[in-house]
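So you can see what is in the structure, the chains are spelled out below.
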Amino acid sequence: MTTISDVGAAAPGPAPASAPAATRGDHRGSWIPTWSMVTTRFMELRKRRGLMIALAAVNIGIPVVFLGVRLITHAVDPASYGPAGGYDIFTTLVVGFMYIFGFIVAAVVGATAGSVDLTEGMFRHLVITGRSRMALYLARIPAGLAIVIAMVAVGYTIVCAVCVFAAPTQLNYDGVNVPEGLSRPALDTWAAQHADKVICNFNFNGGPGLNGPPPSVPCGNGQTTGPPPGAIIKSTQGGTVTVPAHESQAQIRSFAVAVANQDYTDYRANFLVPPTSLMVDVGLWITLEATIGFIVGLGLASLIGQRIVPIILLVVLELILTPLFSRHVVSHLLNLERGIVGVAMVHIEPGNLPTPFNGGGPGGGGGGLGRSLLIPESTLVSALVIAGWLVFWTAIGAWRMMTRDA
Amino acid sequence: MSTATLASASPALAGDGQWAVETHGLTKRFGENVAVNDVELLVPRGCAFGYLGPNGAGKTTLIRVLLGLTHADAGTMFLLGHQVPRHRDVALARVGAIVDEPRFHGHLTGRQNLQILAAAREPAAKSRIEPGLERVGILHRADDKVSKYSMGMRQRLGVAACLLGDPQLLILDEPMNGLDPGGMLDMRDMIQSLVAEGRTVVLSSHLLDEVERTCDAVAIVDRGTVIRQGPIAQLLAGSSFEVQVECAEPERAAHLLEGTPFGSAVKAAPDGLAISLPEGTERDAIAQINRLLVGGGISVYRLQHIQASLEQWFLSVTKRLGEEDGE
């Protein structure tokens, strides 16, 4: 039974008054966070020493150590160890390392930002301020991204700098030192002058008028290429051709030029140093990947209310599910596979890069072998999938923040 | 902002409404368990108000509902005259609270934790960090990490966090927890000084002695229900009390009283008798005892009215309710 015993008689204290001007100008019900909220949230994350060390170690430390070792070994013994930088190293580091681990590290920061207020008891202090819970949630996004993007930017800048300034002086294409950036006629001229190297090393895919390598082209170590003279081989146009005993130098040069022509597009995708436009594009691409990692980590941690499980789930997504579903088509789950953000990200990767999850390193090539193995998806669908993930996880995290008991 | 400034600013920051806290039919359930049951609570402005109850009575749950930390299942509530949760942003702008054990980011300093909380309040809150830390007596440790703070220091930091909003209403859940005797005395003084500035302090506690020393009014809650509320003096005025009688010949005095309505309440005491009188007994009973003894030829040296303590009153009320439930 609830009874009220004469409390109403005693109501001391100040007389009721209307809200003062300071209170009237206080828009704490607004869902837009203030600058102070963002900066203090940034401080809260930045002061997590262990997290920051891990973040710096992965995003900056590992590339720096890798490149540092290469710089030193090349300086000590340039004959045995190639240059530290260059296009190949750039693609290997970016696709094979920074892209994947940038996502994971960003997810760790996001999961931390999304859960620590709750687990460390600050959430209720913040709710009691009367500030919009939506604003409390949204303040974490710019604060966390400022850290994640800064780390990615520093690591990426170091990689770009080393790859540009410590690049090899000659382009190594299919094991042959070739001048970089030749036009098609110039490559033809160069191929005619180095016919044996081209014939012995460049990829040859057959084609009209090209029945096979000419005989007796020396390739070193006493080896020759092409079928033996007098052999009967199948023509690519049908029928058979008898390999002549000897080809003239003119015929050999002509064949080398034809092979070089076949490989020109692939050759043009190889650089001594990564082009500026590619570095910009790739920088934006790995930043987007890190942003996705942070937003999803934040939303998932806010939903679950803890840090470890979201991190594990996102590592599984990035290292297991995405490689799996980006390569293996399950026909009745194709649209679901397309909905995986990692698959969408691979589809919008800048050209001239090997695809991620393809073992890293060059070889996939923009539009080449690696990309051809991906499940089909248009750029528009990829963009929608990425936007959808960002919006969905932001919404789900904010919703949980607004409805959770503090 | 100095303490004096805080005090002078306070009255102007009051919201509309006569009561600092007002609830009607407030109910909160967790499944089958009714943690807050149809609570009608009226907390006057400008006083220290104790919200008392045994462990598990629903004290903290009521506070959590009031502050919007969890939703109510039924009822209406007002803080400083503003209906919550509808106008929670306006209402909570002038409310400070500690709920449960005050916890903060352990890797940050006390000052940095307050900076985070001040950022979520109005811009002026930032300028209240230093005065707040000074007032609770931890300014000298403000730049130490909270992970190195004792429980008592975290309590003080919690109070400093409450003061960031220049609150008209402070709600403190078990504020004496973890404090040593000196800390409890400081906390009591602080609460009284806050009330003296015109603020309202609601504190929930099961430390009845502390509440009696600190508060002007109380509400008693048991199993989610408010069973009594009002000014302490008023509540105790109608409660049982004891009359200590210092007299000659205590045995004969006891024998003399046996045949009267007071007979069953008489006990022997070191210098005479102690007579326990039930709730609702008029003060005239003391004079009546005196007349009986003097009329019987007993020399009476001293008669002292001993009012029951809040603790005794609380125990008698809750015990009686328990007995009623058992019947």
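Residues numbered from 1 in each chain as written. Chains lettered and ligands numbered in written order. Predicted model: local features only at pLDDT ≥ 70, side-chain atom pairs only at ≥ 80, totals over all residues.

### Focus: the overall build of chain B
This is how the line gets drawn: Each helix corresponds to a stretch of at least 4 residues labelled H or I by DSSP, and each strand to a stretch of at least 2 residues labelled E; elements are numbered beginning at the N terminus. Residues are called buried when their C-beta atom has 20 or more other C-beta atoms within 10 Å, exposed when it has 12 or fewer, and partly exposed otherwise; all C-beta atoms are positioned from the backbone. The contact rule is simple: place each C-beta atom from the backbone, and if two of them lie within 7 Å, those residues are in contact.
What chain B contains, in helices and strands, is twelve helices and 14 strands. Counting only C-alpha atoms, chain B reaches 75 × 45 × 35 Å along its principal axes. Each of the 327 residues in chain B was classed as buried or not, and the buried ones make up 50%. If you take every contact in chain B between residues at least 6 apart in sequence, the share linking residues at least 24 apart comes to 73%.

### A closer look at the pairing of strand β10 (residues 225–231) of chain B
Two faces make up the sheet, and in a regular strand the side chains alternate between them. Residues and elements named next belong to chain B. To keep it simple, the criterion reads: Here, any two strands with at least 2 DSSP bridges between them count as paired.
Burial analysis of β10 places six of its seven residues in the buried class, which makes it a mostly covered element. Here strand β9 (residues 217–222) runs beside β10; their pairing, made up of six bridges, is antiparallel. Directly across from Ile220, in β10, lies its bridge partner Arg228. In this structure, the hairpin formed by β9 and β10 is closed by a connection of two residues, where Arg223 is found at a positive phi of approximately 50°.

### Overview of the domain arrangement of chain B
Short version of the rule: Marked domain ranges trace back to an automatic or database domain assignment.
Taken domain by domain, chain B holds domain 1 (3–236) and domain 2 (240–307). Here domain 1 of chain B and domain 2 of chain B have C-alpha centroids that lie 44 Å from each other.

### Details of the packing of helix α4 (residues 87–119) of chain A against helix α10 (residues 276–304) of chain A
Residue and element names in this part refer to chain A. Cut-off, in case you're wondering: Inter-axis angles, ranging from 0 to 180 degrees, are taken between N-to-C directions of lines fitted to C-alpha atoms, where helices are fitted over the stretch in contact. In this scheme, roughly parallel covers angles under 35 degrees and roughly antiparallel covers those over 145, while 65 to 115 is roughly perpendicular and the rest are oblique. Each crossing gets its handedness from the near helix: less than a right angle anticlockwise from the far helix is left-handed, clockwise is right-handed. The classification used treats Ala, Val, Leu, Ile, Met, Phe, Trp, Tyr, Cys and Pro as nonpolar, Asp, Glu, Lys and Arg as charged, and all other residues, Gly among them, as polar.
For the pair α4 and α10, interaxial distance at closest approach is 6 Å and the crossing angle is 30°. Here α10 runs roughly parallel to α4, going by the angle between their axes. In terms of crossing hand, the pair formed by α4 and α10 is right-handed. A breakdown of the residues in the contact of α4 with α10 according to their chemical character gives 21 nonpolar, eight polar and one charged.

### Notes on helix α11 (residues 308–327) of chain A
All names here are of chain A. Inclusion rule: To estimate the expected span of a helix, count its residues, drop one, and scale the result by 1.5 Å. Note that bend, as reported per residue, equals the angle between axes fitted to the 7 residues terminating at that residue and the 7 residues originating from it.
Across its 20 residues, α11 extends 28 Å between first and last C-alpha, which sits within 8% of the 28 Å expected from 1.5 Å per residue. At Leu321, α11 is deflected by roughly 40°, the largest bend along its length, and proline Pro323 occurs up to four residues later in sequence. All of the buried residues in α11 are Pro310, Ile311, Leu314, Leu317, Glu318, Thr322, Phe325 and Ser326. On its buried face, α11 is in contact with α4, α10, α12 (334–338) and α13 (341–347).

### Section: the pairing of β9 of chain B
Residue and element names in this part refer to chain B. In terms of burial, β9 is a largely internal element, six of the six residues being buried. Alternating positions in β9 separate into two faces, Ala217, Ala219 and Val221 on one and Val218, Ile220 and Asp222 on the other, with burial throughout. Pairing between strand β3 (residues 48–52) and β9: four bridges, direction parallel. Within β9, the residue paired with Leu52 across the bridge is Ile220.

### Structural notes on the nonpolar core
Within soluble globular proteins, side chains that are nonpolar generally end up buried alongside one another. Rule in force here: Think of a nonpolar core as buried Ala, Val, Leu, Ile, Met, Phe, Trp, Tyr and Cys residues, each tied to the set through C-beta atoms within 7 Å.
Counting residues in hydrophobic clusters, the biggest one holds 166 residues, and the most contacted among them are Val109 of chain A together with Phe49, Ile171 and Val201 of chain B. With 18 residues, α4 of chain A is the single largest residue contributor to this core. Once residues lying within four places of it in the same chain are set aside, the contact partners of Ile171 of chain B are Ile63, Leu66, Leu67, Val95, Ala97 and Val202 of chain B.

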